[in-house]
Amino acid sequence: LRSGKIRRGALVHPNQSAFQHLFNSGQDDALVTLCGLDYAAFQELHILFKPLYEKYSPYGSDGFIRRLKKRSRRPRLLTSQQCLALYLAWSRTTGSMKVLQLIFGLTASHLSTWLRFARRLVVKSLKDDPRSRVAMPTDDELQEFIAAIEAKYPSLKDCWGAMDGLKLRLQQAGDNRIQRIFYNSWTHDHYVTNLFLFSPDGKIRRCFINAPGCLHDST
């Protein structure tokens, strides 16, 4: 009897979904847990996201989004806030899509469509925004960061940032040679590794992406 999907009859409407209840609560910690952003940061990104959400449709040919020729009067299944939150929540989980179905009140086909749409709109939103760029700090910023770190950790001299790696799981390759490149024996799984350099203001200042999972962060 198990189909692997949750059908519409077992789901609430997105406007009565668990996410909508969470969002209406106004609790920053809850939104950070689900989406990784507090309300101020979410709204800042939503300002960039919403105009594109209203300008494009997820139902284009060959799976591509398309620009709307005229404003449709038919209400969409998701609001722009729900669509953005769906992408942010998805980016923070490696779990089953069925969990996202329950959180957002979406069938599997709708979830796939709106998630793909949201991913592409977020890229469009941030592509040309200077605040989303990975860039080295200015000389003045460097001195501020060094002073801030030394004030908290006196033994660290001339340090202005910290690096950390993020492992992203991959499907196991069929070719044994390729599989070994991405296999991490410490965690017994397959990854690409992204390494980020953070400054004390929370910004990413340098990055190295898509390193094979067999490499240690220090390498």
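Look up a bit, the structure's there.
Description of the structure in this document. Nothing here was measured: the structure is a model prediction, and the numbers come from that model.

1. Description of the overall build of the protein chain
Along its length, the protein chain carries eight helices and six strands. In the protein chain, the order of α-helices and β-strands from amino to carboxyl end is α-α-α-β-β-α-α-α-α-β-α-β-β-β. With the C-alpha coordinates aligned to their principal axes, the bounding extent of the protein chain is approximately 60 × 45 × 35 Å. Buried positions account for 32% of the 219 residues belonging to the protein chain. For the protein chain, the accessible surface area stands at approximately 14700 Å², while carbon and sulfur atoms represent 54% of it. Treating the 32 positive side-chain charges of the protein chain as one cloud and the 19 negative ones as another, the clouds have centres 17 Å apart.

2. Remarks on the nonpolar core
Core analysis: the biggest nonpolar cluster contains 34 residues, and L86 and F104 have the highest contact counts within it. Going through the elements one at a time, α1 (18–25), α2 (28–35), α3 (39–55), α4 (80–91), α5 (97–104) and α6 (108–127) are the ones with two or more residues in this core. Beyond its immediate stretch of four places on either side in the chain, F104 contacts P14, S17, F19, Q82, A85, L86 and A89.

3. Comments concerning the environment of P51
Locating P51 in the fold gives a position in helix α3. By relative accessible area, which is 43% here, P51 ends up partly exposed. For P51 and F117, which are 66 residues apart along the polypeptide, the C-alpha to C-alpha distance reads 14 Å.

4. Some words on the side chain of R205
As for its placement among the helices and strands, R205 is situated in strand β6 (residues 204–212). Polar side-chain contacts of R205 include one of 3.1 Å to the side chain of S199.

5. Details of the packing of α5 against α6
In the contact formed by α5 and α6, the axes pass within 10 Å of each other and the chain directions differ by 90 degrees. Between α5 and α6, the interaxial angle falls into the category roughly perpendicular. Contacts between α5 and α6 involve M97, L100 and Q101 from the first element and A108, L111 and L115 from the second. Partitioned by chemical class, the residues of the contact of α5 with α6 number five nonpolar, one polar and no charged.

What counts as what
- Residues numbered from 1 in each chain as written.
- Predicted model: local features only at pLDDT ≥ 70, side-chain atom pairs only at ≥ 80, totals over all residues.
- Heavy atoms only, no water.
- Helix = DSSP H or I, 4+ residues; strand = E, 2+ residues; numbered from the N terminus.
- Buried < 20%, exposed > 50% of the residue type's maximum accessible area, 1.4 Å probe, protein only.
- Areas by Shrake-Rupley, 256 points an atom, 1.4 Å probe, with all protein chains shown as cover.
- Lys, Arg positive; Asp, Glu negative; His and termini not counted.
- Charge placed at Lys NZ, Arg CZ, Asp CG, Glu CD.
- Core = buried A, V, L, I, M, F, W, Y, C linked by side-chain atoms within 4.5 Å.
- Contact = heavy atoms within 4.5 Å.
- Polar contact = N/O pair within 3.5 Å; in protein donor to acceptor, adjacent residues only side chain to side chain.
- Axes fitted to C-alpha atoms, helices over the stretch in contact; angles between N-to-C directions.
- Parallel < 35°, antiparallel > 145°, perpendicular 65-115°, else oblique.
- Nonpolar A, V, L, I, M, F, W, Y, C, P; charged D, E, K, R; others polar.

These results come straight from atomic positions and should not be treated as a statement about function.
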